[in-house]
Amino acid sequence: MADTRDLAVVTGASSGIGLELARQFASNGFDLILAADRDLGEAEQAVRADGGTVVQSLQADLSTRKGVDELYQAIKGAGRPVAALAANAGIGLGHAFLDQDLDDAIKVVDTNIVGSLALIHAVGQDMRSAGTGRILITSSIASMIPGTFQAVYNGSKAFLQSFSFALREELKDSGVTVTALLPGATETDFFHRADLDDTKVGSSKKDDAEMVAKTGFEALMKGEGDAVAGVKNKLQAAATRVMSDSQLAGMHRGMAEPGSAN
Ligand code: NAP
């Protein structure tokens, strides 16, 4: 019997925004391929409870070409076109750049930029050949602000934000849409993993990951260029347009400087 449900691929689906994106796809009738760097058993359970079918879940390091190739092979193995790709896997890294371990900083670039590019390149070509597909790239409000004490991370998101709109324009007559999701600070494992617990942004109240994912999913389905999740973040995004980069870098110091927690 032919598959009638669309297939979505979600990276970084083990927790946080990615898990909530997977749940959005599931409750809207998609089958799923899930990927993350740790076991996805709990994510699979959540997705199934929401009515989704997990075609496959894959534990792979998406900061490496090997990991991305494994995921792409799994996608090809499903024998079905990818209707939607959520390139969401990503990591942050707090502290001053010169105090960071260089390998950790490069891992941010490899995960957020290189891994995302490799996956989007492979899946995007298939979508273009098929003349249909939707790509969601998890960018960030951070893409609009020079990230003092999170310099590499914000730079990686600035890259993705620029890349997303350029790719969208390149594909405008192809049937493939590209949407950037810009969350603000969201309640996930992100800040703890980035060693930002003792910062103002790390210790402040954050947005709900389900709300963020719903915003991203709806924008993706409408084929919008980008979506900022939440009113507060929309105001912050508007403010970045009228501030200089120097002012923004100074503002970010107050949010992400080690020890700035209230
Ligand atoms: P999270 O809960 O830490 O989730 C990150 C996800 O990415 C996890 O599933 C993680 O899998 C996966 N991942 C990280 N490195 C990976 C690797 N090398 N290979 C495969 N998977 C990897 O944090 P989150 O907040 O949901 O982050 C999701 C996305 O949202 C990221 O791109 C982040 O930059 C972006 N974002 C977050 C915020 C925020 O405030 N939380 C704001 C703006 C944008 P494992 O657990 O298996 O490592």
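These notes cover the structure that comes with them. As the structure is a prediction and not an experimental result, all values here were calculated from the model.

Among the 32 residues in the neighbourhood of the ligand, the closest are listed as S14, R38, Y153, T186 and T188. Here N88 contributes a backbone N or O atom positioned 2.8 Å from an oxygen atom of the ligand. Considering the ligand on its own, with 870 Å² of exposed area, one finds that the protein chains cover 97% of that surface. Those elements that place two or more of their residues in the shell around the ligand are α1 (16-27), α5 (151-170) and α6 (190-193). If you tally residues by element for the shell around the ligand, the top one is α6, at three residues. Tallied by class, residues from the shell around the ligand come to 12 nonpolar, 14 polar and six charged.

The complete set of buried residues in helix α2 (residues 41-49) reads A43, E44 and V47. Buried residues in α2, looked at end-on, bunch into an arc of 100°, giving them a common side. Seen from the buried face of α2, the exposed residues on the opposite side, beyond 90 degrees, are E42, Q45 and A49. Of the surrounding secondary structure, the elements contacted by the buried residues of α2 are α1, β2 (31-36) and β3 (53-59).

Turning to the environment of V178, a few remarks are in order. In this fold, V178 is placed in strand β6 (residues 176-182). For V178, a relative accessible area of 0% translates into the label buried. As for V178 and Y72, which are separated by 106 residues in sequence, their C-alpha atoms are 19 Å apart. Setting aside residues no more than four positions away along its own chain, V178 makes contact with I135, I137, S164, L167, R168, L171, E224 and G225.

Calculation criteria
- Residues numbered from 1 in each chain as written.
- Predicted model: local features only at pLDDT ≥ 70, side-chain atom pairs only at ≥ 80, totals over all residues.
- Heavy atoms only, no water.
- Near = heavy atom within 4 Å.
- Polar contact = N/O pair within 3.5 Å; in protein donor to acceptor, adjacent residues only side chain to side chain.
- Areas by Shrake-Rupley, 256 points an atom, 1.4 Å probe, with all protein chains shown as cover.
- Helix = DSSP H or I, 4+ residues; strand = E, 2+ residues; numbered from the N terminus.
- Nonpolar A, V, L, I, M, F, W, Y, C, P; charged D, E, K, R; others polar.
- Buried < 20%, exposed > 50% of the residue type's maximum accessible area, 1.4 Å probe, protein only.
- Arc of directions from axis to C-beta.
- Contact = heavy atoms within 4.5 Å.

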